[in-house]
Amino acid sequence: MNKTKLFHELHHGDQPLVLPNAWDYGSAALLAAEGFPAIGTTSLGVAVAAGLPDGTGVTSAATLALATLLARLPVPVTVDIEGGFSENPTAVAEYAAQLADLGIAGINLEDGRADSTLADPDHQAGLITAIKQRVPDLFINARVDTYWVKDDIARTLTRAERYTAAGADGIFVPGLTDPDGITQLVTTIPLPINILYSPTGPSIATLAALGVRRVSTGSLLYRAALTTALDTARAVRRDNPIPVPAPPYTKIQALTDPA
């Protein structure tokens, strides 16, 4: 089974696909070695690692470069392409095709824009359709950013239905943690529903019971890694025990072993 087909099937298992989001080759390879069946990328981590702002459409080259490396992993990889790095459907579809040609299994396409507004849903649907026509097998996770702007389940459902009709393979609503809202989404939309994990939100078991099929970590791991690095540096400066034991050099070096 190829990785793209496997990635589709991972959304229809007995339990939700817990998808950790990596920001470089090392973090992705370590997560794959830990046994996670698929890996995503976090646009914040990719952007900041490259010294660029997130969500502004300027990380096209950095995202493609990382995807080229991650395609070597033995597990399916899905790549966050923000809003597609263009408003032109043909250009977005061609970018998606480049990723698919590398062996990338899926993409995350958001309808939020850099000025904190939402894209016109018909235009966003056009981007989804263009990608689907160009690379039919690529898993399109259509992100609905309504809850980043204002909690509104009715508007969320309207957009989710539009993107479903356009050919999306999954719907992602980050920021939605209300069980009633999640239930409405799951029962209304006939696609796998993706929820962003929140430390203060429903547990994985609860999300599974609600019918959620994918749970992403988003930028959580990247932010936690930066926090741990900073705490470790502070501990060394203060001559205190380090907060978390670091893996040995040899284990990290082994992640680049082509075998």
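Rules and cut-offs
- Residues numbered from 1 in each chain as written.
- Predicted model: local features only at pLDDT ≥ 70, side-chain atom pairs only at ≥ 80, totals over all residues.
- Heavy atoms only, no water.
- Core = buried A, V, L, I, M, F, W, Y, C linked by side-chain atoms within 4.5 Å.
- Buried < 20%, exposed > 50% of the residue type's maximum accessible area, 1.4 Å probe, protein only.
- Helix = DSSP H or I, 4+ residues; strand = E, 2+ residues; numbered from the N terminus.
- Expected span 1.5 Å × (residues − 1).
- Contact = heavy atoms within 4.5 Å.
- Polar contact = N/O pair within 3.5 Å; in protein donor to acceptor, adjacent residues only side chain to side chain.
- Pairing = 2+ DSSP bridges.
- Axes fitted to C-alpha atoms, helices over the stretch in contact; angles between N-to-C directions.
- Salt bridge = Lys/Arg side-chain N within 4 Å of Asp/Glu carboxyl O.

A. Highlighting the nonpolar core. Among the nonpolar cores identified, the biggest contains 58 residues, and Ile131 and Ile171 are the most heavily contacted of them. If one sorts the elements of this core by residue count, helix α5 (residues 89-102) sits on top with six residues. The next biggest cluster of nonpolar side chains, apart from the first, holds six residues, and it includes Phe7, Ala38, Ala105 and Phe139.

B. View of helix α8 (residues 153-166). End to end, α8 covers 20 Å across 14 residues, agreeing with the expected 20 Å (1.5 Å per residue, within 8%). For α8, the elements touching its buried residues are α6 (121-134), β6 (139-143), α7 (146-149), β7 (170-172) and α9 (179-188). The backbone nitrogen of Ala154 has a side-chain oxygen 3.2 Å away, supplied by the residue at the start of α8, namely Asp152. Just downstream of α8 lies Gly167, where phi reads positive at about 115 degrees.

C. Structural view of the sheet that holds strand β8 (residues 193-196). Here nine strands make up an open sheet; going across it, the order is β1-β9-β8-β7-β6-β5-β4-β3-β2 and the pairing parallel. Pairing within the sheet leaves two strands with one partner each, and these edge strands are β1 (17-19) and β2 (21-22). Direction of pairing for β7 relative to β8: parallel, over a ladder of two bridges. By the bridge assignment, Ile171 is partnered in β8 with Ile193. α6 rests against β5 (106-110) and β6 of the sheet, and its axis sits at about 165 degrees to β5.

D. Expanded view of the pattern of salt bridges. The full count for this structure, using the stated rule, is nine salt bridges. Between Glu87 and Arg113 there is a salt bridge, with its nearest N and O atoms 2.8 Å apart. Taken together, the residues span a long stretch of sequence, with Glu87 in the loop between β4 (77-80) and α5 and Arg113 in the loop between β5 and α6 at a distance of 26 residues. A relative accessible area of 17% places Arg113 in the buried class. Ionic pairing is found between Asp152 and Arg155, a salt bridge with its closest N-O pair at 3.9 Å. Judged by relative accessible area, which is 25%, Asp152 ranks as partly exposed. Under the relative-accessibility criterion, Arg155 is labelled partly exposed at 30%.

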